[in-house]
Amino acid sequence: MEYKEDEFLMLSGIQHFSFCRRQWALIHVENQWEENVRTIEGEFIHEKVHDQFSREQRNEKLSSRGMPVRSVKLGISGECDLVEFTKSAEGIPVRGLEERYLVTPVEYKRGKEKETDADLLQLAAQAMCLEEMLCCEIKMGFLYYNETRKRIEVAIDDELRKKVEMVTLEMHSYMQRGYTPKVKPQKGCRNCSLKEVCMPELVDKKSAAAYMDRMLDLARNGGES
Ligand code: SF4
């Protein structure tokens, strides 16, 4: 299956979808967005890497920052923080250069390694886009976390690829149906940038009643609790 341009979804949405499907739907299906410290901090890290789409060459390596990528098979598009092209006889030819290069995506992340596979899926999706665009094979990529300042090597294996395919299929299905899942409170709700819009505290009647009482009290007291 091939997606049309107007059906493309944001590649970066994979991390939201993997973290919480409702969060992704609120942002991408309902166009809700609330910036908080965490998202601003995350954007700051990306700005440093993505100042513009640029290429630089050092010895055996060519680096491309903020490189636009897309996949018609997955129906996603976005940008890679950094793509490294390393000289190798097993690599692909690059226009304007004589040697062949292996292609490796590097994704920069705030904080440290996460328990979920959100970052792995995003990196694998970038690798799959690059493979489709450049007709190459990518066996691994790197995740770089600003807190630990370490590059972690990630194998782009069949299991990860299958997950990316399933997740993107599910995202397209939600978008086509205009579907936003119901609230499922989780540990991550506390730091969620959309908790004011999502209102996970309204998930059961008891807490909904408490919330309404709080709101009525606030209204009676002119906004002061
Ligand atoms: S508040 Fe919780 S349930 Fe709601 S969008 Fe955020 S993470 Fe998901």
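Residues numbered from 1 in each chain as written. Predicted model: local features only at pLDDT ≥ 70, side-chain atom pairs only at ≥ 80, totals over all residues. Heavy atoms only, no water.

On to the overall build of the protein chain. Helix and strand content of the protein chain: seven helices and seven strands. At a minimum sequence separation of 6, the contacts of the protein chain that also span at least 24 residues come to 58%. Surface summary for the protein chain: the accessible area is close to 13,900 Å², and the carbon and sulfur share equals 50%. (Helix = DSSP H or I, 4+ residues; strand = E, 2+ residues; numbered from the N terminus. Contact = heavy atoms within 4.5 Å. Areas by Shrake-Rupley, 256 points an atom, 1.4 Å probe, with all protein chains shown as cover.)

For the rest of this paragraph, the subject is the side chain of Gln 23. Relative to the assigned elements, Gln 23 resides in helix α2 (residues 21-29). Using a relative accessible area of 6% as the deciding quantity, one classes Gln 23 as buried. Side chain to side chain, Gln 23 and His 16 meet in a polar contact 3.1 Å long. Discounting chain neighbours no more than four positions away, the residues touching Gln 23 are His 16, Cys 192, Ser 193 and Leu 194. (Buried < 20%, exposed > 50% of the residue type's maximum accessible area, 1.4 Å probe, protein only. Polar contact = N/O pair within 3.5 Å; in protein donor to acceptor, adjacent residues only side chain to side chain.)

To continue, consider empty space enclosed by the protein. Taken as a whole and judged by the stated rule, the model has one cavity of 30 Å³ or more. Approximately 110 Å³ is the volume found for the largest cavity. If you go around the largest cavity, you meet 15 residues; those closest to its centre are Cys 20, Gln 186, Cys 189, Cys 192 and Cys 198. At the level of elements, α2 and α6 (195-198) are the ones that each hand at least two residues to the lining of the largest cavity. Residue contributions to the lining of the largest cavity peak at three residues, all from α2. (1 Å grid on protein atoms, 1.4 Å probe; cavity = no way out; pocket = protein on both sides within 12 Å on 5 of 7 lines; lining within 4 Å. Points joined across faces, edges and corners; volume = space filled by probe spheres on them.)

What follows is about the pattern of salt bridges. In this structure the tally under the stated criterion is eleven salt bridges. The partner of Glu 107 in a salt bridge is Lys 109, and the shortest N-O contact between them spans 3.3 Å. For Glu 107, a relative accessible area of 1% corresponds to the buried category. Residue classification places Lys 109 among the buried positions, given a relative accessible area of 4%. Ionic pairing is found between Asp 119 and Lys 114, a salt bridge with its closest N-O pair at 2.6 Å. Judged by relative accessible area, Asp 119 falls into the buried class, the value being 2%. Under the relative-accessibility criterion, Lys 114 is labelled partly exposed at 40%. Residues joined in a network through salt bridges with shared partners are Glu 107, Lys 109, Lys 114 and Asp 119. (Salt bridge = Lys/Arg side-chain N within 4 Å of Asp/Glu carboxyl O.)

Moving on, we come to α2. When you tally the buried positions in α2, you get eight out of nine residues, the bulk of the element. Packing partners of the buried residues in α2 comprise β1 (9-10), α1 (13-19), α5 (158-177) and α6. Positioned one or two residues after α2, Asn 31 has a phi angle of 55°, which is positive.

Before going further, it helps to examine the environment of Glu 137. On the secondary structure map, Glu 137 appears in the loop between α4 (118-134) and β6 (140-145). Of the residues examined, Glu 137 reaches a relative accessible area of 58% and is grouped as exposed. Along the sequence, Glu 137 and Ile 156 sit 19 residues apart, while their C-alpha atoms lie 9.9 Å from each other.

What follows is about the site of the ligand. The local shell around the ligand consists of Phe 19, Cys 20, Gln 23, Lys 184, Gln 186, Cys 189, Cys 192, Lys 195, Cys 198 and Pro 200. Using a 2 Å cut-off from the grid points, one finds that the ligand occupies the largest cavity. Taken together, the residues of the shell around the ligand break down into six nonpolar, two polar and two charged. Built from parts of two domains, the shell around the ligand gets at least three residues from each of domain 1 (5-181) and domain 2 (194-225). (Near = heavy atom within 4 Å. Sits in = over half its atoms within 2 Å of the grid points. Nonpolar A, V, L, I, M, F, W, Y, C, P; charged D, E, K, R; others polar. Domains from an automatic or database assignment.)

Purely geometric numbers; function is a separate question.
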